[in-house]
Protein chains: 2
Amino acid sequence: MVQVAVMGHGVVGSGVVEVIMNHRDGIMKRSDAELNVKYILDIREFPDSPYADKFTKNFDDILNDDEVKVVAEVMGGVHPAYDFTKACLLAGKSVVTSNKELVATKGAELLQIAKDNNVNYLFEASVGGGIPIIRPISLCLAANEVIEVAGILNGTTNFILAKMIKDSMSFEDALKMAQQLGYAERNPAADVEGHDACRKICILASLCYGKHIYPEFVHTQGITKMTLADVAYAASWGGVVKLIGQVKKLDDGKLDITVEPMLIEKSSQLAGVDDVFNGILVRGDSTGDVVFYGKGAGKLPTASAVVADIIDCVKHLKERKFVFWEDGDGSLVKPYEKTEYPIYIRAEAEDKKAAAEKAAELFPDMKVIVRADAGENEFAFVTGSMKVADQEKTIAALEAAGVTVQSKIRIAADL
Amino acid sequence: MVQVAVMGHGVVGSGVVEVIMNHRDGIMKRSDAELNVKYILDIREFPDSPYADKFTKNFDDILNDDEVKVVAEVMGGVHPAYDFTKACLLAGKSVVTSNKELVATKGAELLQIAKDNNVNYLFEASVGGGIPIIRPISLCLAANEVIEVAGILNGTTNFILAKMIKDSMSFEDALKMAQQLGYAERNPAADVEGHDACRKICILASLCYGKHIYPEFVHTQGITKMTLADVAYAASWGGVVKLIGQVKKLDDGKLDITVEPMLIEKSSQLAGVDDVFNGILVRGDSTGDVVFYGKGAGKLPTASAVVADIIDCVKHLKERKFVFWEDGDGSLVKPYEKTEYPIYIRAEAEDKKAAAEKAAELFPDMKVIVRADAGENEFAFVTGSMKVADQEKTIAALEAAGVTVQSKIRIAADL
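Residues numbered from 1 in each chain as written. Chains lettered and ligands numbered in written order. Predicted model: local features only at pLDDT ≥ 70, side-chain atom pairs only at ≥ 80, totals over all residues. Heavy atoms only, no water.

A. View of the environment of A:G384. Residue and element names in this part refer to chain A. Summarising the element assignment, G384 is placed in the loop between strand 16 (378-382) and strand 17 (386-387). Of the residues examined, G384 reaches a relative accessible area of 18% and is grouped as buried. Taking the C-alpha atoms as reference points, G384 and D285, separated by 99 residues in sequence, lie 26 Å from one another. Leaving out residues up to four positions away in the same chain, G384 has contacts with Y341, P342, I343 and D365. (Helix = DSSP H or I, 4+ residues; strand = E, 2+ residues; numbered from the N terminus. Buried < 20%, exposed > 50% of the residue type's maximum accessible area, 1.4 Å probe, protein only. Contact = heavy atoms within 4.5 Å.)

Below, the structure is given as structure tokens:
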């Protein structure tokens, strides 16, 4: 019988206990090992819980109990989750987590401590909720060089964009709806500003390329400026706008890593990922494109991924999994202004005809796109691939000619 | 240094050697173990191969070499692959394979032998080519009851159907094109009659439900009777026709398992799986729907999955993976005539109006659907859910009233 502790009894934490208790027979059968939740750590009181006798407010109860071999950290946030995780690993306990913020900011250090203490630090639930993605990348794709990973990694923003695309709802109304449905938090910044997606692409990039990519190395832009005009132009171009977290290995060995809204073609496997779903494309040199799709969040999907990691630890108590990356200093990352890609631009000008001519002169590969109900002074176009620094210079030149650029959105030509 | 043997130097086998040799550095880095291909078994001569010195025609060279710890069986077919695999496992060598026919017909026996000899028998490449699916199901979804698996498991038939749907090509022309492109074999029966998809759903069902489901337990129907008329009606109904391999756990604990063309709604994640791609939906009680998409066949994708299994064996030389199922006698499978589902019917009658009235009387929940360019005497409708036995009786009654039923296709209402 392996004793497990669950730190945190919020949405995911209560789900972890529920999944273990509901699936004990199946888990026992499959894992050849019995497991039991011995402690649940939370500072709150849960007197009505059927597991009331397991609750503790004292982390030392877990730390000092040698019977506890596996700890699930589902508290979220960096402190005290970081300190607790570190202490558990140092004490020879394996830790599994859904805490993407912690993995994205402290992963390399915690993985090294796990290695030094011959225990595991697993985090399948930190990306894609219930979608298996960490393990498929690290195991199944072991025989591939990963050329690119691109994903819809945040369900909340995808829900908002889907409402804008399908129901012509404004960003503000769609956000309100997401909050009413419980998909978005009262302070939605971590989602709508792209920080959540950034943490996830950092974890995937670190896993694929072996060095920690910290969030501060990554150009991150959310969806707060997205308008229905842009959504309509995307449709007329033949695609949709999605918030994409992407990392691509460039020919010079550097990584083009970013989180930003992108225009993707209708035929892309990511274009059909709607509502709160996530979709992650992994492009390997041998395997080609593989796409993983499912619920990226939610109590039971996320909890079941945490429990799968617990089972894996219980099965391999004396053996380390090979999930690992070294610390990184950002030198792998191509500076954002040096990356290049095509863009979509929407602009306004008093003299639309003259402005469009100026745009055609400044952006030689540009193609005008149109939409129904466009404003009188509005025009839009897409360009060929350009360095970000050149995009900015050229846009400045366009604006100097009396044009107001209202949107610039990256085009993901290869998704 | 772990020595590996590759049995078979066809498309997949040569890919396995290529992937290992191209990725040696990355594999070494990731797996903390060096591996080397010591033998390649084939009865043919490959004098120009850069690995000519590794070839042998004598299986005993591999069997009797204690240095060889892992063997990749990529010969295909049941004999002699079965005998060779068995001998290797009995000799304490782990075996990995892409051979779905062997796993589907002899899996339980070979898994038992592997267990008894404390070695591994892994077959990630047997389903979905380069798509990770066996490992995600067995590991990541360990904390789920799998309610249903449904997939587009055969790229050749999916290519043919996509050509029919998108380019209004006839079945015969699309098959010819698939043959010209090398997607279909000269004798295409295993693909177009559904046998290949059947082997794959058998493997997935055995894995999910713990008992071997043999192909002979599974109702299997191919796509040879598919017509452009049916494709057009499917579109007017709001969906597409796909060849689906499906296993569903019913309330009575039995499995509804089948391979047959099905009408699926446009909004289904499987509807967008085109060309030679595969897509597999796994529905778990905790995780909800998870979909895996990618190239289901091809030299490098399949080879990379084989190599991933080799790496896994090398990493865990002294430890067994928990991929296992017992033998099965078919008692888990619901007899096909007792399963129930809605159907689409296309029929012809001299007096179309009277026939439609008769159909409405016999199938009380039916809804007529129409298409452009329908034949003068043609009509079509969809029904509510009915037992297969009742479908057959009711169709017989309709035919007794002078109606000729030309197509009956299952509707997958839940995909």
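B. Highlighting helix 7 (residues 155-167) of chain A. All names here are of chain A. Across its 13 residues, helix 7 extends 17 Å between first and last C-alpha, which sits within 8% of the 18 Å expected from 1.5 Å per residue. With ten of its 13 residues buried, helix 7 lies for the most part within the structure. Among the residues making up helix 7, those that are buried are G155, T156, T157, N158, F159, I160, L161, A162, K163 and M164. Among the structural elements, strand 7 (146-152), helix 8 (171-180), helix 9 (189-192), helix 11 (228-237), strand 9 (239-249) and strand 11 (277-284) are those in contact with the buried residues of helix 7. Its side-chain oxygen placed 3.2 Å from the backbone nitrogen of T156, N154 serves as the N-cap of helix 7. (Expected span 1.5 Å × (residues − 1). Polar contact = N/O pair within 3.5 Å; in protein donor to acceptor, adjacent residues only side chain to side chain.)

C. Here's a closer look at the pattern of salt bridges. Under the counting rule described, the total for this entry stands at 56 salt bridges over all chains. Ionic pairing is found between A:K211 and A:E326, a salt bridge with its closest N-O pair at 3.0 Å. Separated by 115 residues along the polypeptide, A:K211 in the loop between helix 10 (195-209) and strand 8 (219-220) and A:E326 in the loop between helix 12 (299-315) and strand 13 (340-341) bring together distant segments of the chain. For A:E326, a relative accessible area of 42% puts it in the partly exposed group. A salt bridge links B:K38 to B:D65, with the shortest nitrogen-to-oxygen separation between them at 2.8 Å. Of this pair, B:K38 sits in strand 2 (residues 35-41) while B:D65 sits in the loop between helix 3 (59-63) and strand 4 (68-73), and the two are 27 residues apart along the sequence. Judged by its relative accessible area of 26%, B:K38 falls in the partly exposed class. B:D65 gets classed as buried once you look at its relative accessible area, which sits at 11%. Sharing partners across several salt bridges, the network here consists of A:E148, A:K248, A:R283, A:D289 and A:D414. (Salt bridge = Lys/Arg side-chain N within 4 Å of Asp/Glu carboxyl O.)

D. View of the pairing of strand 9 of chain A. Residues and elements named next belong to chain A. Strand 9 sits mainly inside the fold: nine of its eleven residues count as buried. Sheet analysis places strand 9 next to strand 10 (residues 255-265), joined by eleven bridges and oriented antiparallel. In the sheet register, V240 faces strand 10, and the bridge partner there is I264. (Pairing = 2+ DSSP bridges.)

E. Spatial organisation of the pairing of strand 11 (residues 277-284) of chain B. Residues and elements named next belong to chain B. Counting buried positions along strand 11 yields eight of eight residues, so the element is predominantly enclosed. Alternating positions in strand 11 separate into two faces, F277, G279, L281 and R283 on one and N278, I280, V282 and G284 on the other, with burial throughout. For strand 7 (residues 146-152) and strand 11, the ladder comprises six bridges, and the chain directions are antiparallel. Each bridged residue has a counterpart across the sheet, and for V149 the counterpart in strand 11 is V282. By the bridge criterion, eight bridges tie strand 11 to strand 12 (residues 288-295) in an arrangement that is antiparallel. Counterpart to V282 in the pairing with strand 12 is V290. In sequence, strand 11 turns back onto strand 12 through a hairpin of three residues.

F. Region of interest: the packing of aromatic side chains. For the structure on display, the rule yields 23 aromatic pairs over all chains. Between the aromatic rings of A:Y214 and A:F217, the centroid separation amounts to 5.7 Å while the plane-to-plane angle is 90°, which identifies the pairing as edge-to-face. Owing to a relative accessible area of 15%, A:Y214 belongs among the buried residues under this scheme. Its relative accessible area of 24% is what places A:F217 among the partly exposed residues. Ring geometry for B:F363 and B:F381: centres 5.3 Å apart, planes at 55°, overall tilted. Taken together, the positions of B:F363 in the loop between helix 13 (352-362) and strand 15 (367-369) and B:F381 in strand 16 (residues 378-382) put the pair 18 residues apart, joining distant regions of the chain. Looking at B:F381, the relative accessible area reads 0%, which means it is buried. An aromatic cluster is present here, built from A:Y121, A:F123 and A:W325 joined pairwise through their rings. For the cation-ring pair, B:K115 lies above B:F324, with the distance from its terminal atom to the ring centre recorded as 4.4 Å. (Phe/Tyr/Trp six-rings, centres within 6.5 Å; stacked < 30°, edge-to-face > 60°. Lys NZ or Arg CZ within 6 Å of the ring centre and 35° of its normal.)

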